[in-house]
Amino acid sequence: MPAGMGINGFGRIGRLVFRAAMGNPDVAVKAVNDPFMDLKYMVYQLKYDSVHKQFAGTIVAKEDGGKEFLVVNGVEIQIFHEKDPAAIPWGAA
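Residues numbered from 1 in each chain as written. Predicted model: local features only at pLDDT ≥ 70, side-chain atom pairs only at ≥ 80, totals over all residues. Heavy atoms only, no water.

**Student:** Looking at this model, I keep getting lost on the environment of glycine 14. Mind explaining?
**Tutor:** Relative to the helices and strands, glycine 14 is located in helix α1 (residues 12–22). Among the residues examined, glycine 14 registers a relative accessible area of 8% and is labelled buried. Separated by 18 residues in the primary sequence, glycine 14 and valine 32 have C-alpha atoms spaced 8.8 Å apart. In this structure, glycine 14 is in contact with Ile7 and Gly9, ignoring residues within four places of it in sequence. (Helix = DSSP H or I, 4+ residues; strand = E, 2+ residues; numbered from the N terminus. Buried < 20%, exposed > 50% of the residue type's maximum accessible area, 1.4 Å probe, protein only. Contact = heavy atoms within 4.5 Å.)

**Student:** It is not clear to me how the pattern of salt bridges should be interpreted in this structure. Could you clarify?
**Tutor:** Opposite charge on two side chains lets them pair, provided their charged atoms get close. Counting across every chain of the model gives 2 salt bridges. Close ionic contact of arginine 12 with aspartate 49 constitutes a salt bridge, the shortest N to O distance being 3.1 Å. Of this pair, arginine 12 sits in helix α1 while aspartate 49 sits in strand β3 (residues 48–49); the two residues are 37 residues apart in sequence, bridging distant segments of the chain. The exposure class of arginine 12 is partly exposed, given its relative accessible area of 38%. Between glutamate 76 and lysine 62 there is a salt bridge, with the nearest N and O atoms lying 2.3 Å from each other. Here glutamate 76, found in strand β7 (residues 75–80), pairs with lysine 62, found in strand β5 (residues 59–64); they are 14 residues apart in sequence, far enough to count as distant. Residue lysine 62 is classed as partly exposed on the basis of its relative accessible area of 28%. (Salt bridge = Lys/Arg side-chain N within 4 Å of Asp/Glu carboxyl O.)

**Student:** Can you help me understand the packing of aromatic side chains in this one?
**Tutor:** Aromatic rings in a pair are described by how distant their centres are and how their planes are angled relative to each other. This structure, assessed with the given rule, holds 4 aromatic pairs. Between tyrosine 41 and tyrosine 44 the ring centres are 6.1 Å apart and the planes differ by 15°, which places this aromatic pair in the stacked class. A residue pair is termed a helical-turn pair when its members lie 3 or 4 positions apart in one helix, as tyrosine 41 and tyrosine 44 do in helix α2 (residues 39–47) at 3 residues. Centroid distance tyrosine 44 to tyrosine 48: 5.4 Å. Interplanar angle 50°. Geometry classified as tilted. Judged by its relative accessible area of 46%, tyrosine 44 is partly exposed. (Phe/Tyr/Trp six-rings, centres within 6.5 Å; stacked < 30°, edge-to-face > 60°.)

**Student:** Would you mind showing me how to read the environment of phenylalanine 18 here?
**Tutor:** Along the chain, phenylalanine 18 falls in helix α1. Expressed as a C-alpha distance, the spacing of phenylalanine 18 and methionine 5, which sit 13 residues apart in the sequence, is 9.6 Å. Sequence-distant contacts of phenylalanine 18, that is, excluding residues within four places in its chain, are made with Ile7, Phe10, Val29, Val32, Leu46, Val72 and Ile77.

Read these as spatial facts, not as claims about activity.
Have a look at this one:
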């Protein structure tokens, strides 16, 4: 069973960690937190990276019941926009 993981920050390093985790069958990304980046820009930044090239997979934004998700290769990953990571229900994601 893969280890669940949350990523706090979706800048250059957060996206690199995300890409590496998505390629590792022993890791499952469950949530991403970035208080400064909206969902549509997250999709764009992940899809098109000037250094690491286009993401080899599908990426879609989804909003459902006031919650936001990145849907990557069919897997829903919950998105948070909290400045205080302690306020995030990481375990519920």
